[in-house]
Amino acid sequence: MKLDKENKLNVDELEQVAGGHCGESYGDMRQAYNRQMPGFENMDPSSLDTMAYCLKNWDTVVGQLKNMFARYGIEMTYNSDPLTDNLYMYQGRRITNGQAWQILDSQRNP
């Protein structure tokens, strides 16, 4: 694995470290970091320190993601099966990951 000059991994390398089954949650973490969501503002997913923290505390990170979505009325169910996406529910109906972020964004920035 090769680091760049800022001690960061590229996306392909991160997916290898994180494993395929958490890819969607990793994507959520990246989206939360990019939006500077509370609790994720210092969790740069391309940082080795963040990746080390996530590997040791994955259940905590998933819990943070669930709580973040819940603040916007979205229920996120983490699925550790590598062939199955996470489940996102809003107002009693299933939504996609992209729709979850659209809802979150619309409530944050009305």
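Analysis parameters
Residues numbered from 1 in each chain as written. Predicted model: local features only at pLDDT ≥ 70, side-chain atom pairs only at ≥ 80, totals over all residues. Heavy atoms only, no water. Pairing = 2+ DSSP bridges. Helix = DSSP H or I, 4+ residues; strand = E, 2+ residues; numbered from the N terminus. Axes fitted to C-alpha atoms, helices over the stretch in contact; angles between N-to-C directions. Contact = heavy atoms within 4.5 Å. Salt bridge = Lys/Arg side-chain N within 4 Å of Asp/Glu carboxyl O. Buried < 20%, exposed > 50% of the residue type's maximum accessible area, 1.4 Å probe, protein only. Phe/Tyr/Trp six-rings, centres within 6.5 Å; stacked < 30°, edge-to-face > 60°.

*Asks:* So what's going on with the sheet that holds strand β1 (residues 74-77)? Which residues, and what values?
*Replies:* Pairing in this open sheet of three strands is antiparallel, and the strands run β1-β2-β3 from one edge to the other. Lying at the two open borders of the sheet, with one neighbouring strand each, are β1 and β3 (93-95). Here the average twist between neighbouring strands, direction ignored, is 35°. Pairing between strand β2 (residues 87-90) and β3: three bridges, direction antiparallel. What sits directly across from Met89, in β3, is Arg94. Strand contacts of helix α4 (residues 58-70): β1 and β2, with the helix running at about 160° to β1, the strand carrying the most contacts.

*Asks:* With reference to specific residues and values, describe the pattern of salt bridges.
*Replies:* Applying the stated rule across the entire model yields one salt bridge. Between Arg35 and Asp105 there is a salt bridge; the shortest N-O distance is 2.7 Å. One end of the pair, Arg35, is in the loop between α2 (23-34) and α3 (48-56); the other, Asp105, is in helix α5 (residues 97-108), and 70 residues separate them in sequence. Judged by its relative accessible area of 22%, Arg35 is partly exposed.

*Asks:* Which residues make up the pairing of β2, and what values go with them?
*Replies:* What you see with β2 is a clean split: Tyr88 and Tyr90 sit on the buried side and Leu87 and Met89 on the side with no burial. Both β1 and β2 contribute to a ladder of four bridges, which runs antiparallel. Each residue of the ladder has a partner; that of Thr77, found in β2, is Leu87. If you look at the hairpin formed by β2 and β3, you'll find two residues sitting between the two strands, and Gln91 has a positive phi there, around 50°.

*Asks:* Can you lay out the packing of aromatic side chains for me, pointing to particular residues and giving the numbers?
*Replies:* Tallied over the entire structure, the rule returns three aromatic pairs. Look at Trp58 and Tyr78: their rings are 6.2 Å apart centre to centre, the planes differ by 70°, and that puts the pair in the edge-to-face class. Here the residue Trp58 occupies a position in helix α4, and Tyr78 occupies one in the loop between β1 and β2, the gap between them amounting to 20 residues. By the burial criterion, Trp58 is buried, and Tyr78 matches it. Look at Phe69 and Tyr88: their rings are 5.5 Å apart centre to centre, the planes differ by 75°, and that puts the pair in the edge-to-face class. Separated by 19 residues along the polypeptide, Phe69 in helix α4 and Tyr88 in strand β2 bring together distant segments of the chain. Comparing Phe69 with Tyr88 shows no difference in burial state: the two are buried. Every member of this aromatic cluster is reached through a ring pair, and the members are Phe69, Tyr88 and Trp101.

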